[in-house]
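Per-entry structural report
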Amino acid sequence: MITLLTSVFPLLAYIAYNILVPQIEKRRPSLSVIMNMQRRRWVANAARRESPFDAILSGNIMGSVSFLASTSVLLVLAVFAVYGQLPTLMEALDSLSFERTYSVLDVQIHLAVLLTMFVLAFFAFTLSLRQFNHFCIMLGALDHDRVTTDEEIEAIARMNALGAKNFNSGIRAYYFSIPTVAWFISEWVGVAVCLATILVLAHREFFSSAHRTAASAAVIAARHRQAKD
């Protein structure tokens, strides 16, 4: 029973993290929330210019998402390939595991957990890619012959933010797959690495230097906007 719980622990932590972080963001803005303010500034500025600059930026973003989505497919196939090499894997685990010997069923279940993580990453990245594609279309549909309304800017920026949200979800699946791999060494090593992963992600979202820098940039932009008004 303990082996099963520790096996699925990273997956449960991943799901819980994605549920709890938006609740915490209501009290303390995360780096993602702050960057959403910059996304709105991007759309507002794009509405006032006619240049290929915004298309280049959008293409770079979509290229990164597409690469990670393709990588997820390769990882899914790799896990399936491991299922066909279980005897070899069990021999390797006998030399790696210093706490206990896993049964074949334990390893099969854990591989299913690892497979689930990469499948979730694939769906998150492909949804993100689709939403960024919608964002590009909405950005390209802007009419520069008239003033773009705040409602249009908000809608386009919100589409960009949705793409970023799912991109972050895919990245987190990659992060939480690390403790899933650590489980092969020891079930408690997997739990410890999972807890460390949560701390690292929380620090990057709420307490990192990137968070402080983005917050400073948002404050400066707000001051300039107030001075202009």
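Here, every reference points to the structure presented above.
Residues numbered from 1 in each chain as written. Predicted model: local features only at pLDDT ≥ 70, side-chain atom pairs only at ≥ 80, totals over all residues. Heavy atoms only, no water.

**Re helix H7 (residues 187-206)**
Look at H7: 29 Å from first C-alpha to last across 20 residues, which is about the 28 Å you get at 1.5 Å a residue. Here H7 has its buried residues at Glu187, Gly190, Val191, Cys194, Thr197, Leu201, Glu205 and Phe206. Taken down its axis, H7 places every buried residue within 135° of arc, on the same side. (Helix = DSSP H or I, 4+ residues; strand = E, 2+ residues; numbered from the N terminus. Expected span 1.5 Å × (residues − 1). Buried < 20%, exposed > 50% of the residue type's maximum accessible area, 1.4 Å probe, protein only. Arc of directions from axis to C-beta.)

**Here's the deal with a nonpolar patch on the surface**
A cluster of nonpolar side chains, contributed by Met1, Ile2, Leu4, Leu5, Leu105, Ile109 and Trp188, occupies part of the molecular surface with about 720 Å² of accessible area. Sorting elements by how many residues they give to the nonpolar patch places helix H1 (residues 2-25) first, with three residues. Along the chain, tryptophan 188 falls in helix H7. (Patch = residues over 30% accessible without salt bridge, like charges linked within 9 Å, V, L, I, M, F, W, Y side chains within 5 Å. Areas by Shrake-Rupley, 256 points an atom, 1.4 Å probe, with all protein chains shown as cover. Salt bridge = Lys/Arg side-chain N within 4 Å of Asp/Glu carboxyl O.)

**Focus on the packing of aromatic side chains**
Going through the model one piece at a time under the given rule, you end up with nine aromatic pairs. When the ring of tyrosine 14 is compared with that of phenylalanine 176, the centres are 6.1 Å apart and the planes differ by 65°; the resulting orientation is edge-to-face. Of the two residues, tyrosine 14 is situated in helix H1 and phenylalanine 176 in helix H6 (residues 150-182); the sequence distance between them amounts to 162 residues. Pairwise contacts between aromatic rings join Phe118, Phe125, Phe167 and Tyr174 into one cluster. (Phe/Tyr/Trp six-rings, centres within 6.5 Å; stacked < 30°, edge-to-face > 60°.)

**Observations concerning the environment of leucine 11**
Along the chain, the position of leucine 11 falls in helix H1. On the basis of relative accessibility, which here comes to 15%, the residue leucine 11 falls in the buried class. Aside from chain neighbours lying at most four places away, what touches leucine 11 is Val113, Thr116, Met117 and Leu120. (Contact = heavy atoms within 4.5 Å.)

**Structural notes on the nonpolar core**
If you look at soluble globular proteins, the nonpolar side chains tend to sit buried side by side. Of all hydrophobic cores here, the largest spans 35 residues; its most connected members are Val107, Leu111, Phe125 and Phe176. No other element matches helix H5 (residues 104-140), which puts 10 residues into this core. Not counting residues up to four positions away in its chain, the partners in contact with phenylalanine 125 are Val65, Leu68, Ala69, Ser72, Phe167, Gly170, Ile171 and Tyr174. Counting 12 residues, the second largest nonpolar core, distinct from the first, contains Val43, Ala46, Leu139 and Met159. (Core = buried A, V, L, I, M, F, W, Y, C linked by side-chain atoms within 4.5 Å.)

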